[in-house]
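So the chains spell out like this:
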Amino acid sequence: MSPAAGPASTGRIEIVDIARAVALLAMVVYHFTWDLEFFNYLDRGLTGEGGWRIFARVIASSFLFLVGVSLVLAHGNGVRRRPFLARLAQVAAAAAAVSVATYFATPNSFVFFGILHHIVIASLIGLVFLRLPWVFAALAATGTVALPWFVASPAFDSRWLAWTGLAESPPLSNDLVPIFPFFGAVLAGIAAARLAQAAGLFETMRRWNSSLRSLAPLGRLGRHSLLFYLVHQPVLIGIVYVFALIAPPDREAVFRSDCSRACLAQQDERFCQAYCDCAQREIVAADLFDALMAGDTDEAQMTRIRDIINECTFRTVDEIGPQ
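Residues numbered from 1 in each chain as written. Predicted model: local features only at pLDDT ≥ 70, side-chain atom pairs only at ≥ 80, totals over all residues. Heavy atoms only, no water.

1. Looking at the state of the cysteines
(1) Moving on: Overall, the coordinates contain 3 disulfides when judged by the stated rule.
(2) Moving on: Through a disulfide, Cys 259 is tied to Cys 276; the S-S separation comes to 2.1 Å. Taking the sign of the S-S torsion, -100° for the link of Cys 259 and Cys 276, the bridge is left-handed. Here Cys 259 is found in helix α10 (residues 251–264), whereas its partner Cys 276 is found in helix α11 (residues 269–285), with 17 residues between them in sequence. We note that Cys 259, like Cys 276, is buried.
(3) Moving on: Here Cys 278 pairs with Cys 312 through a disulfide, and the sulfurs are 2.1 Å apart. Measuring handedness by torsion sign, the sulfur bridge of Cys 278 and Cys 312 sits at about -75° and is left-handed. Taken as a pair, Cys 278 in helix α11 and Cys 312 in helix α13 (residues 299–320) lie far apart in primary sequence, 34 residues in all. A single burial state applies to Cys 278 and to Cys 312, both of which are buried.
(4) Moving on: Sequence-ordered numbering of the bonded cysteines in the chain yields a pairing of 1-4, 2-3, 5-6. (Disulfide = S-S within 2.5 Å. Helix = DSSP H or I, 4+ residues; strand = E, 2+ residues; numbered from the N terminus. Buried < 20%, exposed > 50% of the residue type's maximum accessible area, 1.4 Å probe, protein only.)

In structure tokens, the structure reads:
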């Protein structure tokens, strides 16, 4: 790495900052929905399935794609050591702060390898591909996305190795963005940026800056993405927390809704009513309801909850019969 090396070319590209800002705003929508779920205003598991799950993956992938693009823009003609290390240190410190804060807030599901942790590792590995032909990054991106489909093992299930993305049953985390497959988005960004650079598209994009002045607030937001990322979630959680003090959610209704929705996929309404009555009664009696609804149960608690669910299933079958 040469301290004297310059960026790929000069001047910011406003459309890249705007794209980053759009991803940030999409993240706000997702995280606010997650917060409503966390405080039991929405069904448990909502943001982790279906369209919401896809939405979350698209947001994370778009951020990481832009990380790859930004690496090429900033260091494509040679890594500028001092700015690179300064930015890397900022992101690493922010990642550590997120881990510490979430460990104290939700110790059983803290963020041990979220998107900021991923960006730190991806930025370092991505340097290898900056001077290689774009096709190497493109092929590596394809392999990175595909590998988890073919390689997964319980040997990677611990928090020490789950960050690879090769775990068969990864530990619970409020934000897990493993290397495989998500580093593929960074590599795709590097490949796309190398192609754009070779075709002169970056200079074309710079000429759009004057016509994008009406979107200048988005551009400024995109240029301060790390600060915004660190601030937005505490603010959102604070808003929902204050609202919960004023109008507390009906956690029992949320539990019944979640339980009925899962049960009705396989059983009829009469069976599910008896089964959910049993599950709620026994989970409360075991003093596990608060931990379950807070979404921060440890392994021992989850084992006991699974035992209760199985017991209630057998009990309901005995009383009503299989449906």
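Picking up where we left off.
2. So, the domain arrangement of the chain
(1) Moving on: When cut into domains, the chain gives domain 1 (14–246) and domain 2 (251–320).
(2) Moving on: Taken together, the contact between domain 1 and domain 2 spans 11 residues of the former and 12 residues of the latter.
(3) Moving on: For the pair domain 1 and domain 2, the summed buried surface comes to about 960 Å²; carbon and sulfur atoms form 37% of the total.
(4) Moving on: Summed over the three residues of domain 1 that lose the most area to domain 2, namely Asn 40, Arg 44 and Asn 108, the buried surface amounts to 56% of that side.
(5) Moving on: For the pair domain 1 and domain 2, the interface holds 2 salt bridges.
(6) Moving on: Put simply, Arg 261 and Glu 49 hold a salt bridge, and the shortest N to O gap is 3.3 Å.
(7) Moving on: Linking domain 1 to domain 2 there are 8 residue pairs in polar contact (both at pLDDT 80 or more).
(8) Moving on: Of the residues assigned to the side of domain 1 that touches domain 2, the class counts are 4 nonpolar, 4 polar and 3 charged. (Domains from an automatic or database assignment. Contact = heavy atoms within 4.5 Å. Buried area = accessible area lost by both parts, 1.4 Å probe. Salt bridge = Lys/Arg side-chain N within 4 Å of Asp/Glu carboxyl O. Polar contact = N/O pair within 3.5 Å; in protein donor to acceptor, adjacent residues only side chain to side chain. Nonpolar A, V, L, I, M, F, W, Y, C, P; charged D, E, K, R; others polar.)

3. Focus on the layout of surface pockets
(1) Moving on: One number sums up the size of the second largest pocket: a volume of about 980 Å³.
(2) Moving on: Every residue lining the second largest pocket is counted, 34 residues in all, and those nearest its centre are Arg 12, Arg 20, Ser 70, Ala 74 and Arg 87.
(3) Moving on: Of all the secondary structure elements, the ones that give two or more residues to the lining of the second largest pocket are α1 (14–38), α2 (50–75), α3 (81–105), α4 (115–126), α8 (216–223) and α9 (225–246).
(4) Moving on: It is α2 that contributes the most residues to the lining of the second largest pocket, 8 residues altogether.
(5) Moving on: For the lining of the second largest pocket, the class distribution of residues is 19 nonpolar, 8 polar and 7 charged. (1 Å grid on protein atoms, 1.4 Å probe; cavity = no way out; pocket = protein on both sides within 12 Å on 5 of 7 lines; lining within 4 Å. Points joined across faces, edges and corners; volume = space filled by probe spheres on them.)

4. Considerations on the UniProt feature "domain: Heparan-alpha-glucosaminide N-acetyltransferase catalytic" (unreviewed entry) in the chain
(1) Moving on: UniProt tags residues 12–234 as "domain: Heparan-alpha-glucosaminide N-acetyltransferase catalytic" (unreviewed entry).
(2) Moving on: Each end of residues 12–234 is marked by a C-alpha atom, and these two atoms are 30 Å apart; helix forms 67% of the span and strand 0%. (UniProt positions renumbered as here; feature names shortened; annotations may be inferred.)

5. Considering unusual backbone geometry
(1) Moving on: The omega torsion across Phe 180 and Pro 181 is 10°, close enough to zero to call that bond cis.
(2) Moving on: Of note, the phi angle at Asn 40 is positive, near 70°, even though the residue is not glycine.
(3) Moving on: Tracing the sequence through the fold places Asn 40 in the loop between α1 and α2.
(4) Moving on: One non-glycine residue with positive phi stands out, namely Asp 287, at about 60°.

6. Some remarks on the UniProt feature "transmembrane region" (unreviewed entry) in the chain
(1) Moving on: Within the UniProt annotation, "transmembrane region" (unreviewed entry) is assigned to residues 18–34, 54–73, 85–104, 110–130, 135–156, 176–205 and 226–247.
(2) Moving on: As annotated, residues 18–34 has a helix share of 100% and a strand share of 0%, and its two end C-alpha atoms lie 24 Å apart.
(3) Moving on: Annotated as 73% helix and 0% strand, the span residues 135–156 places its first and last C-alpha atoms 30 Å apart.

7. Digging into the environment of Ile 179
(1) Moving on: Summarising the element assignment, Ile 179 is placed in helix α6 (residues 179–199).
(2) Moving on: Discounting residues that sit within four places of it in the chain, Ile 179 has contacts with Phe 113, His 118, Ile 121, Thr 144, Trp 163 and Thr 164.

8. Quick word on the nonpolar core
(1) Moving on: Within the largest apolar cluster, 57 residues are counted, with the highest numbers of intra-cluster contacts made by Leu 64, Ile 115, Leu 116 and Ile 190.
(2) Moving on: Mapped by element, the contributors of at least two residues to this core are α1, α2, α3, α4, α5 (134–150), α6 and α9.
(3) Moving on: Val 254, Cys 263, Cys 278 and Ile 305 belong to the second largest nonpolar core, which has 17 residues in total. (Core = buried A, V, L, I, M, F, W, Y, C linked by side-chain atoms within 4.5 Å.)

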